[in-house]
Amino acid sequence: MSKHQKHTKLVRRNNGIYATNEIAFLGVKCSIITDLVQKIAKKQQKTTKIAYLDASHNDEIVAPELDIFTFHHSGNLDVNSQTLLNKFNARIQFNQYDLVCVNGNHYQAEKQVLILDNEKEASVLKRLDQLNNIQFVIKMNEDSKYFDFLIEKFPTIENLKCYMIDDVEAISIHINRLIAEEIPPVQALILTGGKSTRMGTDKSMLEYHGQPQSEYLYEQLSRIFLHYNKEQKGVYLSVREDINASRNIITDKFKDLGPFGGICSAFMENPNTAWFVIATDLPYVNRKMIHHLLKHRNPKKIATAFKGKDSEFPEPLITIWEPKAYPILLNYLSQGYSCPRKVLINSDVEIVEVENYYIQNINTPEDYEKAKKELL
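Residues numbered from 1 in each chain as written. Predicted model: local features only at pLDDT ≥ 70, side-chain atom pairs only at ≥ 80, totals over all residues. Heavy atoms only, no water.

Asks: Give me the pairing of strand β6 (residues 111–116): which residues, what numbers.
Replies: The element β6 is extensively covered by neighbouring structure, given that six of its six residues are classed as buried. Going residue by residue along β6, you find Lys-111, Val-113 and Ile-115 tucked away on one face and Gln-112, Leu-114 and Leu-116 tucked away on the opposite face as well. When strand β1 (residues 22–26) meets β6, the two strands line up parallel, connected through four bridges. Paired with Phe-25 across the bridge in β6 is Val-113. As judged from the five bridges shared by β6 and strand β7 (residues 134–139), these two strands associate in the parallel manner. Opposite Leu-114, over in β7, you have Val-137 as the bridge partner. (Buried < 20%, exposed > 50% of the residue type's maximum accessible area, 1.4 Å probe, protein only. Helix = DSSP H or I, 4+ residues; strand = E, 2+ residues; numbered from the N terminus. Pairing = 2+ DSSP bridges.)

Here it is in structure tokens:
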């Protein structure tokens, strides 16, 4: 008898307890943890977006009757809100961060950094069950010792990398490596499902390089993404409906939403990868341009997009969309917007400027004839 499946089986984002990448710091008093995290964040602020999850020690605080959001023109936001910590909501709140540092004296996390202080042996013993994935060790003093119960549970713990508490530079470098390990891979998505109303024919089948543009892009990207995805399928065709194809395809799950639906469908297929998205009506984009965008990818932002030097807005259909963009896309959809460019304009995006010539769209038969003469 088959087991009843209560919910649709979806591919889930790789999450820890509260975030996709989280590290708990524990073993010393909270003020030391807070100070260390602030110093690490300061070292990383130009390249990494870090958040800190902590608990208040003030027993007199009560939940406000009115949620207050105080914005400042500098970009600062103070929030006083009636909110309970919930891991599912926290994953949404922390979606934009490359790392969430957690005060391990209060909350658990998927990874841990253990700080050794001889005066806090009882505190570490109390939280021994929370230690299951120690990344490295920090000593408060030269004589800080590995407690017997630690060696008993982790016989090789003394082989882990160990730093002194004041060696913030080395600790930050190690943290940076841990962040780099979690940078999502990149896969490619070729958008072929457009209705091509102005062209009057399927633009993905037009030939600029001696073969249908969708086939040309598939072959070019397959060579490029073999480097980025040696152990997985790297290139997919986005199609409106199921077709019998020898290529990897992703069928639109979001009907009649055009490119926006194709991008969201790719994230539904795999929310743990960044998607290099390209439309078939951008025939001037060549391998050099693709490498250029990949080279300038910034995983700290929600996307890395080309913008023509003479254009006001970025081009959403030759863009690397990071996994952190997926909830934002769905948020816009929930408000009734299905324009990927609107998402880019109003979000934290890495812009790569190029000559407009290379990212011009081909929408009419006249455009096609002109491009074909220039490219064939």
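Asks: So what's going on with helix α8 (residues 287–295)? Which residues, and what values?
Replies: All of the buried residues in α8 are Met-289, Ile-290, Leu-293 and Leu-294. Each buried residue of α8 sits inside an arc of 135° when the element is viewed along its axis, so together they form one side. Turned more than 90 degrees off the buried face of α8, the exposed positions are Lys-288 and Lys-295. One side-chain oxygen at the N-terminal end of α8 lies 3.2 Å from the backbone nitrogen of Lys-288; it belongs to Asn-286. (Arc of directions from axis to C-beta. Polar contact = N/O pair within 3.5 Å; in protein donor to acceptor, adjacent residues only side chain to side chain.)

Asks: So what's going on with the sheet that holds strand β10 (residues 235–239)? Residues and values would help.
Replies: Read from one edge to the other, the open sheet built from seven strands follows the order β11-β10-β9-β12-β14-β13-β15, with strand pairing classed as mixed. Each having just a single partner strand, β11 (249–251) and β15 (349–354) make up the two edges of the open sheet. Taken over all neighbouring pairs, the strand axes of this sheet differ in orientation by 30° on average, direction set aside. The sheet contact formed by strand β9 (residues 186–191) and strand β12 (residues 274–279) spans six bridges and is parallel. Across the sheet, Leu-191 pairs through a bridge with Ala-279, a residue of β12. Taken strand by strand, helix α7 (residues 258–269) contacts β9, β10, β11, β12 and β14 (315–321), and its axis lies near 145° from that of β9. (Axes fitted to C-alpha atoms, helices over the stretch in contact; angles between N-to-C directions. Contact = heavy atoms within 4.5 Å.)

Asks: Before we move on, could you go through a nonpolar patch on the surface and cite the residues and values that matter?
Replies: A cluster of nonpolar side chains, contributed by Phe-69, Phe-71, Leu-77 and Val-79, occupies part of the molecular surface with about 430 Å² of accessible area. Contributing elements (two or more residues each) for the nonpolar patch: β3 (68–71) and β4 (77–80). With respect to the helices, strands and loops of the structure, Phe-69 is situated in strand β3. (Patch = residues over 30% accessible without salt bridge, like charges linked within 9 Å, V, L, I, M, F, W, Y side chains within 5 Å. Areas by Shrake-Rupley, 256 points an atom, 1.4 Å probe, with all protein chains shown as cover. Salt bridge = Lys/Arg side-chain N within 4 Å of Asp/Glu carboxyl O.)

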